[in-house]
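As a plain string of letters, each chain reads:
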Amino acid sequence: MQAQSQIPELFDVIILGASGFTGKYVVREALKLFNFPSSPIKSLALAGRNPTRVKQALQWASPSHSLSIPILTADTTDPPSLHRLCSQTKLLLNCVGPYRLHGDPVAAACVHSGCDYLDISGEPEFMERMEARYHEKAVETGSLLVSACGFDSIPAELGVMFNSRQWIPPAVPNQIEAYVSLESDKRIVGNFGTYESAVLGVANAQELQKLRRSRPRRARPVIPGPAPLRGPLVESQKRIGLWAIKLPSADATVVRRTLSILTENPHGLPGANESPEQREKREAFWSTVKPAHFGPWMVQEEGPL
Ligand SMILES: NC(=O)c1ccc[n+]([C@@H]2O[C@H](COP(=O)([O-])OP(=O)(O)OC[C@H]3O[C@@H](n4cnc5c(N)ncnc54)[C@H](OP(=O)(O)O)[C@@H]3O)[C@@H](O)[C@H]2O)c1
């Protein structure tokens, strides 16, 4: 175990919203990484609006770390507290949601201070609005903003990339479908913050359409072959012997956005201060990712859902 004997001037990572249902799992995983001698995370702090709750989350995640990890106070309704936090870290990992309600001031503080920002948002409108609002400033300050680094939408993005790279030319993919099976002893899987984010997303679907109409159109990936038919919401997937319901997650939107960016930049986006070898690796990787239609499904083995 690495004990944090003194507070560094700049933490590698601060986790904001560490006391939340998801935040405390993020803390638990970060602490596993923190324990590795070769870990890129050498210093870590937790933050939230209620330090007692953050402390309880840390105690839950790892009692052995409860004295060595600093706990900081910040509230998304108090911008100076967010600016203070950003001035103390290289990366702010934001677990405070719903992001449409709480995310903007956090992203703004990161962009203005130049620290990097990472979140687990599954809210397309929030992601697209932040890009529209802060891209230029982020380029200026060198702040990197990355969203959707949770169950939404890492498995979908990596799955699509992995699948599409298996096709050997001239064969190319047309459609990739992802099947998710949830297992739990409980009848309801998830938490109120997540549920609230999903409900607000559906209730404000028109806002997303309005935002998209106000922005320059993204390039459409050219996918060989016919577009798949829409089909019903629930169907028996005979090929895999399961009942499936279309998953109304952010996955399809996030994958489509990546494929659009790839259409505009077939060799991927250059990194800051990229070396010639890094550039070569990036170009070799992205040129093997081929676009395909994508759809996530949730499945159940017995009977209709
Ligand atoms: N991408 C994915 O796969 C994925 C998976 C799970 C969750 N999520 C998203 O993650 C977000 C959090 O979900 P959750 O279920 O963990 O919610 P949650 O349990 O309600 O947690 C919310 C967290 O935000 C904090 N918070 C609320 N208002 C705040 C404020 N004004 N200032 C500072 N902190 C504040 C809460 O602090 P207190 O403890 O003080 O109340 C708590 O730590 C949601 O948007 C959800 O959709 C995404």
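Definitions and limits used
- Residues numbered from 1 in each chain as written.
- Predicted model: local features only at pLDDT ≥ 70, side-chain atom pairs only at ≥ 80, totals over all residues.
- Axes fitted to C-alpha atoms, helices over the stretch in contact; angles between N-to-C directions.
- Helix = DSSP H or I, 4+ residues; strand = E, 2+ residues; numbered from the N terminus.
- Parallel < 35°, antiparallel > 145°, perpendicular 65-115°, else oblique.
- Contact = placed C-beta atoms within 7 Å.
- Nonpolar A, V, L, I, M, F, W, Y, C, P; charged D, E, K, R; others polar.
- Pairing = 2+ DSSP bridges.
- Domains from an automatic or database assignment.

Novice: Let's hear about the packing of helix α4 (residues 99-113) against helix α5 (residues 124-141): which residues, and what values?
Specialist: It is the contact of α4 with α5, at a shortest axis distance of 9 Å, that shows an interaxial angle of 10°. One element, α4, and the other, α5, form an angle in the roughly parallel class. Here Tyr-99, Arg-100, Gly-103, Ala-107, Ala-108, Val-111 and His-112 of α4 lie close against α5, whose contacting residues are Glu-125, Phe-126, Met-130, Tyr-134, Lys-137, Ala-138 and Thr-141. Across the contact of α4 with α5, the residue classes break down as eight nonpolar, three polar and three charged.

Novice: Residues and numbers for the pairing of strand β9 (residues 242-246), please.
Specialist: Where strand β8 (residues 234-237) lies against β9, four bridges are found, and the strand directions are antiparallel. In the strand pairing of β9, Glu-235 is matched with Ala-244. Two successive antiparallel strands, β8 and β9, enclose a turn made up of four residues, where Gly-241 displays a positive phi of approximately 65°. With four bridges joining them, β9 and strand β10 (residues 293-300) adopt antiparallel strand pairing. Directly across from Lys-246, in β10, lies its bridge partner Trp-297.

Novice: Outline the domain arrangement of the chain, listing residues and values.
Specialist: Interfaces are often sized by the amount of accessible area the parts lose when they come together. According to the domain assignment, the chain consists of domain 1 (11-146) and domain 2 (154-300). Centre-to-centre separation of domain 1 and domain 2, based on C-alpha positions: 25 Å. The partner domain 2 presents 15 residues to the 14 residues of domain 1 that form the contact. Going through the elements one at a time, α4 and α5 are the ones with two or more residues in the side of domain 1 that touches domain 2. Per-element accounting of the side of domain 1 that touches domain 2 gives the leading share, five residues, to α5. Grouping the amino acids of the side of domain 1 that touches domain 2 by side-chain chemistry returns five nonpolar, four polar and five charged.

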